[in-house]
2 protein chains.
Amino acid sequence: MKLTRGGEYGIRGMLYLAMQPEASVTLLSEISTAQNISESYLAKIFQTLTKAGLVRSHRGFKGGYSLGRPADEITVKDIIEGIEGPIALNHCAQKVSNCSEEYRCKIQNVWKDAQDAMVGVLDGTTLADLVEETAMGQS
Amino acid sequence: MKLTRGGEYGIRGMLYLAMQPEASVTLLSEISTAQNISESYLAKIFQTLTKAGLVRSHRGFKGGYSLGRPADEITVKDIIEGIEGPIALNHCAQKVSNCSEEYRCKIQNVWKDAQDAMVGVLDGTTLADLVEETAMGQS
DNA sequence: CCAAACAGGACAAAAACTGTCCTCTTCGTT
DNA sequence: AACGAAGAGGACAGTTTTTGTCCTGTTTGG
């Protein structure tokens, strides 16, 4: 019932990207240093984020990473699911539930409702929101 | 970001108890058979539930388990936390957060909000609700 | 006193998480 | 064209968590 460290790293890394000047490319080593995250592990996470299209990678000399979409079109839910896969509080709450038809599990609705409530928050918060929040806190 | 199988077993087991005649004592073996759960594993879970006061154990001959409180005073959240410990989406969302003061994490609020939304649902649903739901479904 | 039934600890297999390392590919610079 | 910076990707390993099993002890009604 908790976010993995990988998921947290991904969000922190992407938030760092979102705070950089637009259209800039940032070194992975800079991100890992700034966020105090193991570089080799963060590399793995960013590879996953790249495949999910949330981040754009630039290989070779002067390479690095930039956001794959505008910051206000990337939600916290996007990032978590990009790294950890679809959110499912338990198997009963999955999109394609494997609860047998005959066994109409009474608890199923609770998982669905709880999950929807949580996902609603995560999907309603974008990287842009988080950056803005920071700016407001500083003013 | 998901419920453990142990948590699910605990809820299914307690829901079974809640559907028994009031003040009756039910054999662990009956619960495990009815719910198709390994008896020795379920034993461990019920030991935990007993220590949490959610279930009352009756040792010795003619022993078994009964609910520790009325079914309408036991929430799904109670059971999950009884088995898995306090719900914390991540360390930032814990009661006593270990996020350092200086590092005012912008994401902290998101975890808090998402967790509160989820826990709200789990804490708003009692075993009695689930039993009732079943009865309504059958009518 | 006996046998049923829970309590609790030790142990272990499996899975997931967290991380490292090495090689390959890409690409700007010179 | 060659070099070196930097991401891609696979293999591997340590740790933790989960998911159990098993054995011995303790309680208690009959």
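Everything discussed here concerns the structure shown above.
Residues numbered from 1 in each chain as written. Chains lettered and ligands numbered in written order. Predicted model: local features only at pLDDT ≥ 70, side-chain atom pairs only at ≥ 80, totals over all residues. Heavy atoms only, no water.

Visitor: Describe the overall build of chain A, listing the residues and the values that go with them.
Guide: Helix and strand counts for chain A come out as six helices and two strands. For chain A, the sequential pattern of α-helices and β-strands runs α-α-α-β-β-α-α-α. Only carbon and sulfur atoms are counted for the fraction: they give 49% of the accessible area of chain A, which is about 7500 Å². (Helix = DSSP H or I, 4+ residues; strand = E, 2+ residues; numbered from the N terminus. Areas by Shrake-Rupley, 256 points an atom, 1.4 Å probe, with all protein chains shown as cover.)

Visitor: Mind laying out the pairing of strand β1 (residues 55-58) of chain B, listing which residues take part and the relevant values?
Guide: Residue and element names in this part refer to chain B. Of the strand pairs in this sheet, β1 and strand β2 (residues 64-67) are connected by four bridges, and their pairing is antiparallel. When the sheet's bridge partners are listed, V55 is paired in β2 with L67. Where β1 folds back onto β2 in an antiparallel hairpin, the turn is made up of five residues, including G60, whose phi is positive at roughly 75°. (Pairing = 2+ DSSP bridges.)

Visitor: Give me the packing of aromatic side chains: which residues, what numbers.
Guide: Residues and elements named next belong to chain A. Under the defined criterion, the tally for this structure stands at four aromatic pairs over all chains. With a centroid separation of 5.9 Å and 80° between ring planes, the pair formed by Y9 and Y41 is classed as edge-to-face. Here Y9, found in helix α1 (residues 5-18), pairs with Y41, found in helix α3 (residues 39-51); they are 32 residues apart in sequence, far enough to count as distant. For Y9, a relative accessible area of 13% puts it in the buried group. Y41 sits in the partly exposed class, given a relative accessible area of 42%. (Phe/Tyr/Trp six-rings, centres within 6.5 Å; stacked < 30°, edge-to-face > 60°. Buried < 20%, exposed > 50% of the residue type's maximum accessible area, 1.4 Å probe, protein only.)

Visitor: Help me get a handle on the protein's contact with DNA strand D, residues and values and all.
Guide: Not every one of the 24 residues close to DNA strand D is listed here, only the nearest: A:K44, A:S57, A:Y65, B:S38 and B:S40. Considering the 4 Å shell around the protein, atoms of DNA strand D inside it are sugar or phosphate in 63% of instances. Interatomic distance of 2.5 Å between a side-chain N/O atom of A:Y65 and a phosphate oxygen of DNA strand D. Looking at the surface near DNA strand D, the elements with two or more residues in it are α3, β1 (55-58) and β2 (64-67) of chain A together with α1 (5-18) and α3 (39-51) of chain B. Split into classes, the residues belonging to the surface near DNA strand D amount to seven nonpolar, 12 polar and five charged. (Near = heavy atom within 4 Å. Polar contact = N/O pair within 3.5 Å; in protein donor to acceptor, adjacent residues only side chain to side chain. Nonpolar A, V, L, I, M, F, W, Y, C, P; charged D, E, K, R; others polar.)

Visitor: Quick one: what's the story with the interface of chain B and chain A, residue by residue and with numbers?
Guide: The partner chain A presents 32 residues to the 32 residues of chain B that form the contact. In total, chain B and chain A occlude about 3000 Å² of area from one another, counting both sides; carbon and sulfur atoms represent 72% of this. Across the contact surface, chain B and chain A share zero salt bridges. Of all the secondary structure elements, the ones that give two or more residues to the side of chain B that touches chain A are α1, α4 (76-84), α5 (108-123) and α6 (127-138) of chain B. Among the elements that make up the side of chain B that touches chain A, the one with the highest residue count is α5(B) (nine residues). (Contact = heavy atoms within 4.5 Å. Buried area = accessible area lost by both parts, 1.4 Å probe. Salt bridge = Lys/Arg side-chain N within 4 Å of Asp/Glu carboxyl O.)

Visitor: Give a detailed account of the relation of the copies chain B and chain A, specifying residues and quantitative values.
Guide: Least-squares fitting of chain B to chain A yields an RMSD of 0.0 Å, with the transformation described by 0.0 Å of translation along the axis and a rotation of 180°. Such values leave the two copies arranged in the relation of a two-fold axis. Considering only C-alpha atoms, the part of chain B nearest the rotation axis is B:M1, at 2.1 Å. A shared interface surface links the copies, since 100% of the contact residues of chain B are contact residues in chain A too. (Least-squares fit on C-alpha atoms with pLDDT ≥ 70 in both.)

Visitor: Quick rundown of the nonpolar core? Include the residues and the values.
Guide: Ranked by internal contacts, the top residues of the largest apolar core, which has 80 residues, are A:W111, A:L127, B:W111 and B:L127. Excluding residues that lie within four positions of it along the chain, A:W111 makes contacts with A:L89, A:N90, A:C92, A:A93, B:L3, B:I11, B:V76, B:I80 and B:L122. (Core = buried A, V, L, I, M, F, W, Y, C linked by side-chain atoms within 4.5 Å.)

Visitor: Hey, could you go over the protein's contact with DNA strand C for me, with residue numbers and the actual values?
Guide: Near DNA strand C lie 24 residues; those nearest to it are A:S38, A:R59, B:K44, B:S57 and B:Y65. When the atoms of DNA strand C within 4 Å of the protein are grouped by moiety, sugar and phosphate amount to 70% of the total. Between DNA strand C and A:Y9, the relevant distance is 3.3 Å, taken from a phosphate oxygen to a side-chain nitrogen or oxygen of the residue. Side-chain polar atom of B:Y65 to a phosphate oxygen of DNA strand C: 2.5 Å apart, as the coordinates give it. Among the secondary structure elements, those contributing two or more residues to the surface near DNA strand C are α1 and α3 of chain A together with α3, β1 and β2 of chain B. When the residues that make up the surface near DNA strand C are grouped by side-chain class, the tally is seven nonpolar, 12 polar and five charged.

Visitor: Which residues make up α5(B), and what are the values?
Guide: Residue and element names in this part refer to chain B. Helix length check: α5 (16 residues) gives 22 Å between terminal C-alpha atoms against 22 Å at 1.5 Å per residue, within 8%. Along α5, the residues classified as buried are Q108, V110, W111, A114, Q115, M118, V119 and L122. Projected onto a plane normal to the axis of α5, the buried residues spread over an arc of 160° and lie on a single side. (Expected span 1.5 Å × (residues − 1). Arc of directions from axis to C-beta.)

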